[in-house]
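Next come the chains, spelled out residue by residue.
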Amino acid sequence: MCGRYASSRKPEDLVEEFEISVGGGNRVEEALAADYNVAPTKQVYAVLERSPSPREAPGPEPPQRQLRVLTWGLVPSWAKDPAIGSRMINARMETVAEKPAYKRAFAARRCLLPADGYFEWYPTQVLGKGGRPLKQPFYIHPQDGGVLAMAGLYEIWRDPYRAEDDPGRFRWTCTVLTTQAEDAVGHIHDRMPLMVEHERWGEWLDPTVARRDDLLSLLVPAAPGRLEAFPVSTDVNNVRNNGPELVVPLPAEDALA
């Protein structure tokens, strides 16, 4: 699974990196602070494509690539309680096209979630007070320092208790797609977030592409050797801790064995 990640890039950098449409594509009203411990239910950046609303463009317009702020933890449009989102942070590639909670979003509401890297925990031989193995956190990121474009889905949930003109009536949420981990990181955890390669961004984001097989063919694990992993401080275990020190390699002698 992917339960924590780091996201420190500024919106203006993401606008350039992901070729966001000029003239309204940047929908970020207030920039998010650099976050080195992104956890479920936090706000995150997402890249997606949507046609402008009738209010914005009177005639039919092609989809526009946008940068938005969403909440991590997908709330399906049919959900009675938005609290369900805290349990829907990952969608498995193997079942995403069939699961009721994800299949509609998979067909038409796909996104990219920019990240610097993500965290996974490896059970060690060291036992804690309760006799269970202590886990060593690892930070996994592209070796070249580039952005990690994680495959995601998004939904727009309407709050039935808010007034029609309430700007907070619609809740935009997202989830990260995961797959079997590639060999270089599979020894740490058996699952990893799916990456979308740059040349496939357009097709993945295009809401008019809906055929299951076409979409699944765009999703492949990271190329062997593209990612590197190293142990980091257990400070990342606490979501209240934040800062670039969380992604600094831990000396081998300080890591849990």
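Our subject is the structure that appears above.
We now turn to the structure provided with this report.

Each value, and the rule that gives it
- Residues numbered from 1 in each chain as written.
- Predicted model: local features only at pLDDT ≥ 70, side-chain atom pairs only at ≥ 80, totals over all residues.
- Heavy atoms only, no water.
- Helix = DSSP H or I, 4+ residues; strand = E, 2+ residues; numbered from the N terminus.
- Rg over C-alpha atoms; globule rule 2.2 N^0.38 Å.
- Buried < 20%, exposed > 50% of the residue type's maximum accessible area, 1.4 Å probe, protein only.
- Contact = heavy atoms within 4.5 Å.
- Lys, Arg positive; Asp, Glu negative; His and termini not counted.
- Charge placed at Lys NZ, Arg CZ, Asp CG, Glu CD.
- Pairing = 2+ DSSP bridges.
- Axes fitted to C-alpha atoms, helices over the stretch in contact; angles between N-to-C directions.
- Patch = residues over 30% accessible without salt bridge, like charges linked within 9 Å, V, L, I, M, F, W, Y side chains within 5 Å.
- Areas by Shrake-Rupley, 256 points an atom, 1.4 Å probe, with all protein chains shown as cover.
- Salt bridge = Lys/Arg side-chain N within 4 Å of Asp/Glu carboxyl O.
- Core = buried A, V, L, I, M, F, W, Y, C linked by side-chain atoms within 4.5 Å.
- Disulfide = S-S within 2.5 Å.

## Concerning the overall build of the protein
Phase 1: Along its length, the protein carries five helices and 12 strands.
Phase 2: For 257 residues, the compact-globule estimate of 2.2 N^0.38 gives 18 Å, and the protein sits close to it at 19 Å.
Phase 3: Expressed as lengths along the three principal axes of its C-alpha atoms, the size of the protein is roughly 65 × 40 × 35 Å.
Phase 4: Residue burial in the protein is summarised as follows: out of 257 residues, 46% are buried.
Phase 5: Sequence separation of 24 or more characterises 71% of the internal contacts of the protein that already satisfy a separation of 6 or more.
Phase 6: Separation between the mean location of the 30 positive side-chain charges and that of the 36 negative ones in the protein comes to 9 Å.

## Description of the sheet that holds strand β2 (residues 35-38)
The strands making up a sheet are joined through hydrogen bonds of the backbone, oriented either antiparallel or parallel.
Phase 1: In spatial order, the strands read β2-β1-β7-β8-β12; together these five strands make up an open sheet with antiparallel pairing. Strand pairing shows two members of the sheet lacking a second neighbour, β2 and β12 (227-231), which therefore form its edges. Geometrically, the sheet is characterised by an average inter-axis angle of 30° between neighbouring strands, direction not taken into account.
Phase 2: Two elements, strand β7 (residues 117-127) and strand β8 (residues 133-142), share seven bridges in a ladder whose sense is antiparallel. Directly across from Phe119, in β8, lies its bridge partner Tyr139.

## Things to note about a negative patch on the surface
Phase 1: Judged by side-chain charge, Glu12, Asp13, Glu16, Glu17 and Glu19 come together as a negatively charged surface patch.
Phase 2: Tracing the sequence through the fold places Glu17 in helix α1 (residues 11-17).
Phase 3: For Glu17, a relative accessible area of 35% corresponds to the partly exposed category.

## A word on the pattern of salt bridges
Phase 1: Under the counting rule described, the total for this entry stands at 12 salt bridges.
Phase 2: The shortest N-O distance in the salt bridge between Asp159 and Arg162 comes to 3.4 Å.
Phase 3: Here Asp159 falls in the buried class, since its relative accessible area comes to 14%.
Phase 4: Ionic pairing is found between Arg169 and Glu164, a salt bridge with its closest N-O pair at 2.5 Å.

## Regarding the environment of Ser7
Phase 1: Tracing the backbone shows Ser7 in strand β1 (residues 5-7).
Phase 2: Contact partners of Ser7, with chain neighbours within four places excluded, come to Ala33, Ala34, Asp35, Val38, Tyr45, Pro114 and Asp116.

## A short note on unusual backbone geometry
Phase 1: Even without glycine at this site, Glu19 takes up a positive phi of about 55°.
Phase 2: Positive phi, normally seen in glycine, also occurs at Thr41, with a value near 80°.
Phase 3: For Thr41, the position within the fold is in the loop between β2 and β3 (43-50).

## Quick look at the environment of Asp213
Phase 1: With respect to the element layout, Asp213 can be found in helix α5 (residues 212-216).
Phase 2: Taking the C-alpha atoms as reference, Asp213 lies 32 Å from Lys42; in sequence the two are 171 residues apart.

## Here's the deal with the nonpolar core
Phase 1: By size, the foremost hydrophobic cluster in this structure holds 37 residues, and its most contacted members are Phe18, Phe106, Leu112, Leu153, Leu177, Trp204 and Leu219.
Phase 2: At four residues, strand β9 (residues 148-158) tops the list of elements feeding residues into this core.
Phase 3: Counting 27 residues, the second-largest nonpolar core is a separate cluster that includes Cys2, Tyr154, Trp172 and Cys174.

## A short note on the state of the cysteines
Phase 1: A complete count under the given rule lists zero disulfides for this structure.
Phase 2: As a non-bridged cysteine, Cys111 has Cys174 as the owner of its nearest cysteine sulfur, 5.6 Å distant.
Phase 3: Taking the relative accessible area as the measure of exposure, Cys111 reaches 0% and is therefore buried.

## Here's the deal with the pairing of strand β6 (residues 110-115)
Phase 1: Counted residue by residue, β6 has six buried out of six residues, so it is predominantly covered.
Phase 2: In β6, alternate side chains face the same way, and those of Arg110, Leu112 and Pro114 on one face and Cys111, Leu113 and Ala115 on the other are all buried.
Phase 3: Inspection of the sheet shows β3 paired to β6 by two bridges, in the antiparallel sense. Each residue of the ladder has a partner; that of Leu48, found in β6, is Cys111.
Phase 4: Of the pairings in the sheet, the one linking β6 to β9 comprises six bridges and is antiparallel in character. Of the residues in β9, the one forming a bridge with Leu113 is Met150.

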